[in-house]
Amino acid sequence: MTNATHPQDSPESILLFAAGFGTRMKALTQTCPKPRIAVAGQPRIDHTLTLAQAMQPRHIVANLHYLPHILAAHLAPKGVLLSQESPEVLDTGGGLRHALPLLGSAPVFTANTDVIWKGDNPFQVALNAWDPARMDALLVCIPISRCRGRTGSGDFTCDSEGRISRGGDLVYGGVQILKTEGRHRIEEDVFSLNLLWNDIASRDHLFAVEYPGHWCDVGHPEGIAIAEDLIANDVV
């Protein structure tokens, strides 16, 4: 992966979040981890993995906790490195910190695996906008009007320079570029990436880039049919 920045400032590896219990999926995840549930004929994690592989990163890593043997058997043959969390799941921030020995010290991409993107590769969208001189985190966001399967309001508001603050009609899509040095300022073992974002925002280094396509949340059962419709049909 290359862009105009110095190589050590560019993301080299991608972390796929795959450790959660999938409680919103109800009975579907009793015997199957959420990332293995099919959307349009393939496991939902494979939709994100295909986008990640197109970037030709140094490493793709997935964090595992719930029913890890099922995901490991699916991902390891695809060349994905595995970061298993035990005895407890570490949440997104703790999971990232636990996976860093596999990811390296450069900024990283992270990606949620319970969403579907329709349009440009969101990893490339992020990389094209990445400016490490100004940014410690760059989140790919979508106006709520172009989101499917989303309940509730948006997550962020963006100013004229791209800095974001809480509240507004921008939805975080689940792909970002993140510098990881801020993890040292968090003492907890289990913590959300929101703590890192809050710290980064307090220093005015939290940014967003708007995704030009459409997006769907498939973290709940109703989202599967909505996502399959999005995949199958043209949207405007």
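Residues numbered from 1 in each chain as written. Predicted model: local features only at pLDDT ≥ 70, side-chain atom pairs only at ≥ 80, totals over all residues. Heavy atoms only, no water.

Visitor: For this particular structure, what's the right way to read the packing of aromatic side chains?
Guide: Each aromatic ring pair is summarised here by two numbers: the centre-to-centre distance and the angle between the ring planes. Tallying each qualifying case throughout the model produces four aromatic pairs. With a centroid separation of 5.2 Å and an interplanar angle of 85°, the aromatic rings of F109 and F123 are classed as edge-to-face. Of this pair, F109 sits in strand β6 (residues 108–112) while F123 sits in helix α4 (residues 122–129), placing them 14 residues apart in sequence. Judged by its relative accessible area of 0%, F109 falls in the buried class. (Phe/Tyr/Trp six-rings, centres within 6.5 Å; stacked < 30°, edge-to-face > 60°. Helix = DSSP H or I, 4+ residues; strand = E, 2+ residues; numbered from the N terminus. Buried < 20%, exposed > 50% of the residue type's maximum accessible area, 1.4 Å probe, protein only.)

Visitor: Any chance you could explain a negative patch on the surface here in plain terms?
Guide: Residues E88, E187, E188 and D189 make up a contiguous surface patch of negative charge. Looking at where D189 falls in the secondary structure, it is placed in the loop between β12 (170–178) and α5 (193–202). (Patch = residues over 30% accessible without salt bridge, like charges linked within 9 Å, V, L, I, M, F, W, Y side chains within 5 Å. Areas by Shrake-Rupley, 256 points an atom, 1.4 Å probe, with all protein chains shown as cover. Salt bridge = Lys/Arg side-chain N within 4 Å of Asp/Glu carboxyl O. Lys, Arg positive; Asp, Glu negative; His and termini not counted. Charge placed at Lys NZ, Arg CZ, Asp CG, Glu CD.)

Visitor: Teacher, can you tell me more about the sheet that holds strand β14 (residues 214–217) here?
Guide: Hydrogen bonding along the main chain pairs the strands of a sheet, whether they run parallel or antiparallel. Strand order in the open sheet formed by three strands is β7-β14-β9, with mixed pairing between adjacent strands. With partners counted over all chains shown, the strands left at the sheet margins are β7 (115–118) and β9 (147–148), one partner each. Taken together, the four bridges between β7 and β14 define a ladder with antiparallel strand orientation. Looking at β14, one finds that I116 is bridged to C216. Across the face of the sheet, helix α6 (residues 221–232) comes into contact with β7, β9 and β14 while running at roughly 160° to β14. (Pairing = 2+ DSSP bridges. Contact = heavy atoms within 4.5 Å. Axes fitted to C-alpha atoms, helices over the stretch in contact; angles between N-to-C directions.)

Visitor: Where do I start with the nonpolar core in this structure?
Guide: Across soluble globular proteins, nonpolar side chains show a tendency to be buried alongside one another. Core analysis: the largest hydrophobic core is formed by 35 residues, its most contacted members being L16, L75, F109, W117 and F123. With four residues, the top contributor of residues to this core is α4. In contact with L16, not counting residues within four places along its chain, are I45, T48, L49, I60, V61, A62, N63, A111 and T113. In this structure, A137, L139, F191 and L196 belong to the second largest nonpolar core, which totals 24 residues. (Core = buried A, V, L, I, M, F, W, Y, C linked by side-chain atoms within 4.5 Å.)

Visitor: Looking at this structure, I do not really get the pairing of strand β1 (residues 13–17). What am I missing?
Guide: Within a regular strand, side chains alternate between the sheet's two faces. Counting buried residues in β1 gives five out of five residues, a clear majority hidden from the surface. Here β1 runs beside strand β4 (residues 59–64); their pairing, made up of five bridges, is parallel. By the bridge assignment, L15 is partnered in β4 with V61. For β1 and β6, the ladder comprises five bridges, and the chain directions are parallel. Residue L16 lies in a different strand from β6, and its bridge partner there is A111.

Visitor: Help me understand the pattern of salt bridges in this model?
Guide: Pairing is possible between side chains that carry opposite charge, provided their charged atoms lie close to one another. One pass over the full model with this rule turns up eleven salt bridges. Across the pair D131 and R134 runs a salt bridge whose closest N-O atoms are separated by 3.1 Å. Look at D131 and you get partly exposed, because its relative accessible area is 26%. What makes R134 partly exposed here is its relative accessible area of 32%. Where salt bridges share partners, they join D136, K179, R185, D199 and R203 into one cluster.

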